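Descriptive structure summary
Each chain, letter by letter, is given below.
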Amino acid sequence: MKYIRRIRIEWMMILVAAVFLVQNLILDDRFGFVPVLSISLLAFFGLLVGFLGNTITVAVFSMLVMTTGTFLLYYTPIIMPRLEKIYLIIVIPIFAVLGLIAKNSVLFNRRLNTFQPRMHRYLTTLDETTGLYNKEEFEARFEKFKCAMNLYVKSGRGLIVSFYMVDYIEQLRYQNAQATDQLLQALSQELSDIRLPEEDQFYLGDGTFVVMSPVYQSGDSLTFIQELNRITKTQFSLFPFKNFERSQNTVIRFGEITIEGSTELTAEQVISRVRRRSEADLTDEYIL
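Our subject in this report is the structure included herewith. (Residues numbered from 1 in each chain as written. Predicted model: local features only at pLDDT ≥ 70, side-chain atom pairs only at ≥ 80, totals over all residues. Heavy atoms only, no water.)

Focus on the overall build of the chain
The criterion, for reference: Segments assigned H or I by DSSP are reported as helices when at least four residues long, segments assigned E as strands when at least two residues long, and all are numbered from the N terminus. The cut-offs for exposure are 20% and 50% of the maximum accessible area for each residue type, with area from a 1.4 Å probe on protein chains only; residues under the lower value are buried, those over the upper are exposed, and the others partly exposed. What makes two residues a contact is simply this: any of their non-hydrogen atoms within 4.5 Å. Reported accessibility uses the Shrake-Rupley method at a 1.4 Å probe radius. Residues are deemed covered only where the shown protein chains occlude them.
Along the backbone of the chain there are nine helices and six strands. Relative to its 288 residues, the chain shows a buried fraction of 41%. Considering only residue pairs separated by 6 or more positions, the chain has 71% of its internal contacts joining residues 24 or more positions apart. Just so you have it, the chain exposes about 17,500 Å², and 61% of that area is on carbon and sulfur atoms.

Some remarks on the nonpolar core
Condition: To form a nonpolar core, buried Ala, Val, Leu, Ile, Met, Phe, Trp, Tyr and Cys residues must be joined to one another through side-chain atoms within 4.5 Å.
F138, L159, V161, F163 and V270 are the most contacted members of the largest nonpolar core, which totals 21 residues. Going through the elements one at a time, α5 (135–151), β1 (157–166), β2 (200–205), β3 (208–216), β6 (252–260) and α9 (267–287) are the ones with two or more residues in this core. Of all hydrophobic cores here, the second largest spans 17 residues; its members include L183, L187, Y203 and F254.

Regarding the pattern of salt bridges
The line we're drawing: What makes a salt bridge here is a side-chain nitrogen of Lys or Arg within 4 Å of a carboxyl oxygen of Asp or Glu, nothing more.
The final tally for this structure, using the stated rule, is eight salt bridges. In this structure, the salt-bridge partner of R141 is E137, at a minimum N-O distance of 2.7 Å. Placement of the pair is R141 and E137 together in helix α5, with a separation of four residues, close to one helical turn. Residue E199 pairs with R195 through a salt bridge whose shortest N-O separation is 2.9 Å. Judged on exposure class, the residue E199 and its partner R195 are both buried. Among the charged side chains, a network of salt bridges with common partners joins E137, R141 and D200.

Notes on the sheet that holds β2
Definition in use: Note on pairing: DSSP must find at least two bridges between two strands before they are called paired. To define axes, lines are fitted to C-alpha atoms, for helices over the stretch in contact only, and angles between the resulting N-to-C directions are given on a 0 to 180 degree scale.
Ordered by their spatial adjacency, four strands build an open sheet running β2-β3-β1-β6, and the pairing between neighbours is antiparallel. Lying at the two open borders of the sheet, with one neighbouring strand each, are β2 and β6. Going across the sheet, the axis of each strand differs from the next one's by a mean of 20°, ignoring polarity. Note that β1 and β3 share nine bridges and pair antiparallel. Looking at β3, one finds that F163 is bridged to V210. Packed on one face of the sheet, α5 meets β1, β2, β3 and β6 and runs near 160° to β1. Contacts from helix α8 (residues 221–237) reach β1, β3 and β6 within the one sheet, and its direction differs from that of β6 by about 165°.

A look at the packing of aromatic side chains
Formally: Planes of paired rings set the category: under 30 degrees apart is stacked, over 60 is edge-to-face and the rest tilted, where pairs are Phe, Tyr or Trp rings (Trp by its six-membered ring) whose centres lie within 6.5 Å. Criterion for a charge above a ring: Arg CZ or Lys NZ at most 6 Å from the ring centre, at most 35 degrees from the ring normal.
Under the defined criterion, the tally for this structure stands at seven aromatic pairs. Ring geometry for Y164 against F254: centres 5.2 Å apart, planes inclined by 40°, an arrangement best described as tilted. Taken together, the residues Y164 in strand β1 and F254 in strand β6 connect sequence positions 90 residues apart. Each member of the pair, Y164 together with F254, is buried. Each ring, one from F209 and one from F236, has its centre 5.7 Å from the other, and the planes form 75°; the classification is edge-to-face. A residue pair is termed long-range when its members are at least 10 positions apart, and F209 in strand β3 and F236 in helix α8 qualify at 27 residues. Judged on exposure class, the residue F209 and its partner F236 are both buried. Among the aromatic side chains, those forming a connected cluster through ring pairs are Y164, Y203, F209, F236 and F254. For R141, the ring lying beneath its charged end belongs to Y133, and the centroid distance is 4.1 Å.

Focus on the layout of surface pockets
Selection rule: Of the two site types, the cavity is a set of points on a 1 Å grid over the protein atoms alone where a 1.4 Å probe fits but cannot get out, and the pocket is an open set with protein on both sides within 12 Å along at least five of seven lines, each lined by residues with an atom within 4 Å of a point. Grid points are joined across faces, edges and corners, and a volume is the space filled by probe spheres set on the points. Each residue gets one label: Ala, Val, Leu, Ile, Met, Phe, Trp, Tyr, Cys and Pro are nonpolar, Asp, Glu, Lys and Arg are charged, and the others, such as Gly, are polar.
In this model, the largest pocket occupies a volume close to 160 Å³. Every residue lining the largest pocket is listed: R141, K144, F145, E198, E199, D200, M212 and P214. Elements that contribute at least two residues to the lining of the largest pocket include exactly α5 and β3. Take the lining of the largest pocket: its biggest share by element is three residues, from α5. Of the residues in the lining of the largest pocket, the class split is three nonpolar, no polar and five charged.

This is the structure in structure tokens:
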């Protein structure tokens, strides 16, 4: 049923009109004008029931019509052709179902047209490879959070922006582009699994994952997020890069910046600062 209701309303109207036409041609050839007119009125009544009712209403009404029609036409002395009797019994349920399908098609397409701009807006904020928010969405959400912190200076809110960068991502992609995409997808899934629901995860391209974590200046939220960042880096490093039959360790560069209270930093400035901080982390990684 869910696939039938996706039919466009234009095709549904063509289908209903075709059924009407075939019905009237057959009936006119067999029975004449009066039976055709009577059955057409019953068919219109069935369509009306389908348009105005729901699935339960159509099912119950169809059973009542069929049982009543069977009793009246077969257990009372009404003389008419057998095929006409059968069709009089089922004509209303048939067109009631067609009317119900047409109504569902109209409602489905209306909902689709209503949510289509939102769906388009949502899809344009996602990265194709990882399914995480892209750089444009990171900039928009950072600006929104910055404006809120500048507006409510004494709220005690803060923000930790954490970066996880796969080292030598271009060399990995040159060796095996498909394996690189699989690694990025595995890292994005791991990021979604282990991070908190109130955090936002982004992928800025070039192997760069970003987590935006709101914190409070009082309490242990800052310490907890920093510990979670270290756990995330360790988990990322456990994913190997598999190039055909060979595999190698994944080196992750990490950097974070803590913003407390009002700030004038832009998203680009934050990205630039954290990238520079990650260089020191990379040095420690190779020295160790």
